[in-house]
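Breakdown of the fold
As a plain string of letters, each chain reads:
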Amino acid sequence: MNELFEILLRQNAWFLGALTLFGVATVLYATVLWRNHADRLHSAASWVFGAAALLSLGFIASRWLEAGRPPFKSLYESLMLFTACMSILYVSVERWYRIAWLGCATSAMGVGVLGYAVSKADAEIINLPAALQSGWFVPHVVVYFFGYSAVFLAFVAAALHLIKPQQVVTLRTSDGQTQQMTFAGFMHKTILLAFVLLTAGLIIGAIWAKTAWGDYWVWDPKENWALISWLVFAIYLHLRLTKAFSERAAAILTVIGFATISFTYLGMHLLPTAEQSEHVYQGN
Amino acid sequence: MKTKRNDDHSGPSAAATAGPGSTAASKVTAESPTGDRHLPWHRLSYTTQMIGLLLILGVASAVQTGLDLAVRSDHALAFRATIGSGVVIAVGLALQWRGRTVYHYLSTVQASVVLLGTVLLGTVMGTMVLQGLSNKEFSEHYGAAAPVLNALFLDDVFHSLAFMTLLFLCAAASAVSVIRRWHTLMRWKNVGLLATHVSILVVLGGGLIGYLSAKKGMVHLQVGESKEEFLAKTPRSGSEKAEPMGFALRLDRFELDKYQQEFNVYTYSKDENGKYKVLASDHAALGARVGAPAPGTDTELRITRILNNATPTAQAGGTHVLTFSGGSKTVVLGQNYTMPNGLQVAVDGYFPDFTFDMASHKATSRSNVPRNPTLAVRTALPGADLKDAHPQYLFAREDMRDMMAGNGHPDETGLTYSLQASADGKLASAWTEGMVGQSNPAIEVEVRRAGHAAQKLVLVAADEEPIDLGSGRMLVYGEKPNMVKNYQSTISVMRNGRALLTRVIKVNDPLVFEGISVYQANYDPKNPNYSGLEIVRDPGLPLVNAGFWILMLGTLHAVALRNRRMPWKRPQLPSSVATAGGVGGVA
């Protein structure tokens with residue numbers, strides 16, 4: 001614990017600022033939930049969250065300059081990227097959906113991910129190996145992390161739906177009208193976004209693998225798990241065409257999808273086949 | 001999914017089935033006395049359907065085993081795949097001809113769910129069991145379980161006939177779904193859905209072509225050398241076979257590009273399991289405080305010297321000084337001494353770079369460099385006989401003394417040993433800057449601990465010898481890892497002794513010539529003239545690439561155009577539903 005605190009203090013101002021603001025935003029969103037209809041407080045929470053999002057972007061920019069390469073190599077760097085993608089996505093979502101539960105969960109996730117990043121902090125900036133020096137590197141990683149972020153938002157909505165199946169969400173449309181849907185409805189929209197991004201990430205990865213290794217698909221454990229997560233959502237999209245697929249079943253399948261994605265991202269070193277993979281993060 | 005009854009077509013596909021398929025089906029129904037000529041599968045739960053599918057795949061596995069016994073050649077896999085696909089197509093067509101049942105089933109939504117679910121399961125298994133090992137490695141790793149895993153083809157899931165049959169069925173399901181819903185899918189708003197399903201066919205088709213006819217292997221070249229053949233690798237058996245490229249490749253030049261060399265001071269911690277973690281990396285600068293000793297331990301480290309080519313000045317010799325309470329004495333190897341307090345000392349040996357060899361139980365010196373100067377002595381109290389005394393080791397390094405004391409071997413002689421190499425008496429001064437142009441980076445660190453005299457230690461990067469900072473933390477001076485930046489070959493494509501083309505290839509930048517791709521695959525750190533090139537000839541590649549793009553654009557189109565409508569939009573929300581709890585709040 002002492003060691004973690006020591007490492008925390010060694011983080012730069014962007015990191016510490018983002019961590020603090022995500023914490024403040026969590027408290028503000030929680031207060032909004034506690035005091036119903038606290039509209040101005042909600043706006044304050046949104047602003048604080050937005051500032052935290054900017055700081056996490058600032059972290060990536062400063063790290064990019066310092067490293068002289070895209071800072072998406074180590075687990076620590078990727079956790080920062082996830083935080084940035086997740087908060088950018090949430091800021092855009094909040095333009096249409098003001099859901100304090102979602103804000104609260106997302107900012108708490110920000111605190112959690114940054115906290116976890118401390119335990120995985122790099123002592124120094126790692127050199128980029130030859131295979132990662134490619135124009136496909138940034139799109140592949142960024143598209144995937146936006147995909148992961150969308151799956152996270154869908155997961156929060158799924159969990160909320162399972163807890164409060166009758167709760168409705170208000171959507172602001174561009175012509176000033178409002179529409180209402182359940183959490184499951186919102187969840188479905190984010191899954192559609194996630195599916196497009198996961199598909200794009202998978203395809204970009206395959207095309208890149210072809211130019212780097214000579215094979216678009218090598219059944220690498222990470223590739224396999226990316227395929228598995230993609231299949232979960234492909235199954236979801238097919239099941240939705242059947243009448244028997246209830247909102248509740250959809251929410252449960254989304255939770256499973258999120259678990260699969262989390263394992264794909266963070267669990268690869270646990271697999272017996274991890275040593276055969278080109279994708280396992282160092283320092284895991 | 002625990003769904004017991006699965007509705008067949010609903011939603012968009014329900015409209016789609018109003019196409020030719022369903023008219024045919026209703027015709028059959030009208031003619032049939034039983035009223036239903038579909039397989040009753042779609043009435044079963046997903047789990048039951050999946051078990052049924054797994055049984056079919058079991059048959060595929062049995063076929064594979066039979067073929068394995070019957071055919072033993074490099075083409076066995078391709079042969080199997082062809083036969084397997086043929087059998088499945090034949091069975092499918094036969095069933096379709098008799099009652100169109102499999103055909104109908106494959107076009108249903110639940111068939112796709114069952115197929116996707118089974119691919120998912122198979123893929124999970126392929127990450128749980130080590131893939132593509134040789135039979136020997138596999139049985140060594142799995143022991144008694146190996147034959148069972150082998151029999152289920154889990155040792156190479158993705159190349160098993162069962163998995164290929166599964167992929168074939170996925171392709172067939174995509175095809176049938178598209179054919180049965182053709183008129184609906186041809187509408188602009190559904191083109192994306194059409195594209196995604198067609199893309200699966202295209203990608204899997206390209207993959208099959210590649211699987212049956214792609215060649216992949218290595219060309220190992222030295223600078224100036226040219227070769228016309230590459231060593232094509234046979235999957236699974238791993239055997240190599242020379243294969244002509246249709247042209248010759250000549251290696252003109254090879255370059256290994258490295259990142260600028262960097263040496264840093266690393267602090268790492270080691271936990272109970274021996275797993276270490278780098279806590280800090282400091283750039284070595286003169287006068288800088290370095291290291292991250294555990295909080296609470298008042299150790300302070302400062303760099304007092306930086307050596308580019310550390311060269312020891314004191315070799316095996318040097319002056320050995322024993323300090324005791326009340327004075328010090330310079331001693332010589334092989335002599336016996338009696339100290340003023342009566343203690344008898346025999347100086348038996350000197351180990352400049354002491355280590356204890358566990359195998360022979362003997363003290364030895366790793367080198368002549370005084371990294372860990374140690375004096376072997378025997379001591380006896382006044383009146384006792386020196387001959388009966390056991391050998392003892394006196395360490396010049398304070399951290400070694402602390403370590404021995406920590407391991408339950410405190411020094412009880414009352415003597416402190418130091419190696420004096422020069423007038424200032426500091427061990428570190430045994431190092432000096434050597435010849436310019438050679439490299440042996442080292443730093444001298446001054447270690448200050450409360451209650452101890454300041455101590456100067458030299459850390460040589462090549463030694464990787466750590467300083468113990470206490471509380472499980474170590475300090476080491478070393479080179480930053482992952483130094484290779486990129487590597488590239490200048491290669492010429494030759495025909496009839498003439499160079500048709502000369503190009504530089506590097507990782508992520510291959511050469512494509514006449515359908516053959518040439519990749520920069522590896523290098524030899526010990527041989528700057530070697531370059532390992534990978535050769536791939538895959539006729540299925542254009543199809544696979546096309547399939548990827550169709551899938552990407554199709555998915556985008558399908559999501560953007562088909563899902564504008566609210567999902568699960570409730571025409572009427574119950575008025576009792578509150579929009580409280582942090583939801584809504586839109587003015």
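Quick caveat: nothing in here was measured; it's all calculated off a predicted structure. For every chain, the first residue of the written sequence is number 1, and numbering continues from 1 onward in sequence order. Chain letters start at A and ligand numbers start at 1, both assigned in the order the entries are written. In view of the model being predicted, local features appear only for residues whose pLDDT reaches at least 70, and side-chain atom pairs are presented and counted only at 80 or more, with totals across whole chains, interfaces and linings using the full set of residues.

The next subject is the overall build of chain A. Helix and strand counts for chain A stand at 9 helices and 2 strands. Traced from its N-terminal end to its C-terminal end, chain A shows the element sequence α-α-α-α-α-α-β-β-α-α-α. What you see for chain A is a C-alpha radius of gyration of 19 Å, in line with the 19 Å of a compact globule of 284 residues. When the backbone C-alpha atoms are referred to their principal axes, chain A occupies close to 50 × 50 × 40 Å. Three classes are used. A residue is buried when 20 or more other C-beta atoms lie within 10 Å of its own, exposed when 12 or fewer do, and partly exposed in between, with C-beta atoms placed from the backbone. Across the 284 residues in chain A, those meeting the buried criterion constitute 53%. Across chain A, contacts joining residues at least 24 apart in sequence account for 76% of those joining residues at least 6 apart. Helix and strand definitions follow DSSP, with helices as H or I runs of at least four residues and strands as E runs of at least two, each counted in order from the N terminus. Note that the radius of gyration is over C-alpha atoms, with the globule rule given as 2.2 Å times the number of residues to the power 0.38. By the convention adopted here, residues make contact when the C-beta atoms placed from their backbones lie within 7 Å.

On to the interface of chain A and chain B. Opposite the 70 residues of chain A that make contact, chain B presents 71 residues. A class-by-class count of the residues in the side of chain A that touches chain B yields 37 nonpolar, 24 polar and 9 charged. Charged means Asp, Glu, Lys or Arg here, nonpolar means Ala, Val, Leu, Ile, Met, Phe, Trp, Tyr, Cys or Pro, and polar covers whatever is left, Gly included.

Positive phi is not limited to glycine here, since Trp219 of chain A has a value of about 55°. Position of Trp219 of chain A relative to the elements: it lies in the loop between α7 (183-213) and α8 (221-239). With a phi angle near 50°, Asn496 of chain B is a residue other than glycine that sits in the positive phi range. One can find Asn496 of chain B in the loop between β22 (484-495) and β23 (498-506).

All names here are of chain A. Running from N to C, helix α6 (residues 137-163) and helix α9 (residues 247-266) point in directions that differ by 140°, and their axes come no closer than 8 Å. As far as their axial angle goes, α9 and α6 are oblique. Read as a crossing pair, α6 and α9 show a hand that is left-handed. Contacts from Tyr148, Val151, Phe152, Ala154, Phe155, Ala158, Ala159, His161 and Leu162 of α6 reach α9 at Glu247, Arg248, Ala251, Thr254, Val255, Gly257, Phe258, Ile261 and Tyr265. By residue class, the composition of the contact of α6 with α9 is 13 nonpolar, 3 polar and 2 charged. Lines are fitted to the C-alpha atoms to define the axes, a helix being fitted only along its stretch in contact, and any angle between axes, read from their N-to-C directions, falls within 0 to 180 degrees. Orientation is classified from the angle alone, with under 35 degrees giving roughly parallel, over 145 giving roughly antiparallel, 65 to 115 giving roughly perpendicular, and any other angle giving oblique. By convention, the crossing between two helices is left-handed when the near helix turns anticlockwise from the far helix through less than a right angle, and right-handed when the turn is clockwise.

In this usage, the nonpolar core is the set of buried Ala, Val, Leu, Ile, Met, Phe, Trp, Tyr and Cys residues whose C-beta atoms join them within 7 Å. Counting 154 residues, the largest nonpolar core has Leu153, Ala154, Ala194, Leu231 and Phe233 of chain A as its most contacted members. Aside from chain neighbours lying at most four places away, what touches Ala154 of chain A is Met187, Thr190, Ile191, Ala194 and Thr254 of chain A. Ala280, Leu457, Val458 and Ala461 of chain B belong to the second largest nonpolar core, which has 22 residues in total.

Here we take up the packing of α8 of chain A against α9 of chain A. Residues and elements named next belong to chain A. The interhelical angle for the contact between α8 and α9, taken along N-to-C directions, is 170°, at an axis separation of 9 Å. By the criterion of interaxial angle, the relationship of α8 to α9 is roughly antiparallel. Contacts between α8 and α9 involve Lys222, Trp225, Ala226, Ile228, Ser229, Val232, Phe233 and Tyr236 from the first element and Ala250, Leu253, Ile256, Gly257, Thr260, Ile261, Phe263 and Thr264 from the second. Grouping the constituent residues of the contact of α8 with α9 by class yields 11 nonpolar, 4 polar and 1 charged.

This part takes up the confidence of the model for chain A. Summing up the model confidence of chain A, the mean pLDDT is 90 and the portion of residues at 70 or higher is 96%. Summarising per-element confidence for chain A, the mean pLDDT is lowest in strand β1 (residues 168-172) of chain A (75) and highest in α6 of chain A (96). A score between 0 and 100, pLDDT records how confident the predictor is in each residue.

As a further point, take the domain arrangement of chain A. All names here are of chain A. Its domain assignment divides chain A into domain 1 (1-128) and domain 2 (134-284). The source of the domain bounds is an automatic or database domain assignment. Distance from the C-alpha centre of domain 1 to the C-alpha centre of domain 2: 20 Å. The interface is formed by 19 residues belonging to domain 1 together with 20 residues belonging to domain 2. Those elements that place two or more of their residues in the side of domain 1 that touches domain 2 are α4 (75-96) and α5 (100-119). With 9 residues, the single largest contributor to the side of domain 1 that touches domain 2 is α4. Residues belonging to the side of domain 1 that touches domain 2 are distributed by class as follows: 17 nonpolar, 1 polar and 1 charged.

The subject of this paragraph is the pairing of strand β21 (residues 473-479) of chain B. All names here are of chain B. Note: strand β4 (residues 263-270) against β21, 7 bridges, orientation antiparallel. Each bridged residue has a counterpart across the sheet, and for Thr267 the counterpart in β21 is Leu475. At least two bridges found by DSSP between two strands are what make those strands a pair. Bridging between strand β20 (residues 467-470) and β21 involves 3 bridges; their strand directions are antiparallel. Among the inter-strand pairings, Gly470 is bridged to a residue of β21, identified as Arg473. Following β20, the chain reverses through 2 residues before pairing antiparallel with β21; Ser471 in that reversal takes a positive phi of roughly 55°.

Turning our eyes to something else, we now look at the environment of Ala195 of chain B. As for its position among the elements, Ala195 of chain B is in helix α11 (residues 191-213). Remark: the alpha-carbon pair of Ala195 of chain B and Leu166 of chain B, spanning 29 residues in sequence, is separated by 21 Å.

Residue and element names in this part refer to chain B. Note: strand β10 (residues 336-338) against strand β11 (residues 344-351), 3 bridges, orientation antiparallel. The residue of β11 that forms the bridge with Asn336 is Ala346. Hairpin connection between β10 and β11: a loop of 5 residues separates the two successive antiparallel strands, and Gly342 in this loop has a positive phi of roughly 95°. Sheet topology note: the β11/strand β14 (residues 374-380) ladder contains 7 bridges and is antiparallel. Looking across to β14, one finds that Gly349 is bridged to Ala376.

In this section: the sheet that holds β21 of chain B. All names here are of chain B. The sheet built from 4 strands is open, its strands ordered β5-β4-β21-β20 with antiparallel pairing. With partners counted over all chains shown, the strands left at the sheet margins are β5 (276-283) and β20, one partner each. On average, each strand axis in the sheet is inclined to that of its neighbour by 30°, with strand direction left out of account. Where β4 and β5 come together, 7 bridges link them in antiparallel fashion. Considered in β5, the bridge of Tyr268 is made with Val278.

Right, let's talk about the sheet that holds strand β8 (residues 319-324) of chain B for a bit. Residue and element names in this part refer to chain B. The antiparallel open sheet is built from 3 strands, whose spatial order is β9-β8-β16. At either margin of the open sheet sits one strand with a lone partner, and together these are β9 (327-331) and β16 (416-420). Strand after strand, the sheet turns through a mean of 30° between neighbouring axes, direction not considered. Sheet topology places β8 next to β9; 5 bridges connect them, and they run antiparallel. Paired with Phe324 across the strands is Gly327, a residue of β9.

Another aspect to go through is α7 of chain A. All names here are of chain A. Along its 31 residues, α7 runs 43 Å from first to last C-alpha, staying within 8% of the 45 Å computed at 1.5 Å per residue. When you tally the buried positions in α7, you get 28 out of 31 residues, the bulk of the element. Taken from the residues just after α7, Gly214 is the one with a positive phi, measuring 85°. Any helix carries an expected span of 1.5 Å times its number of residues minus one.

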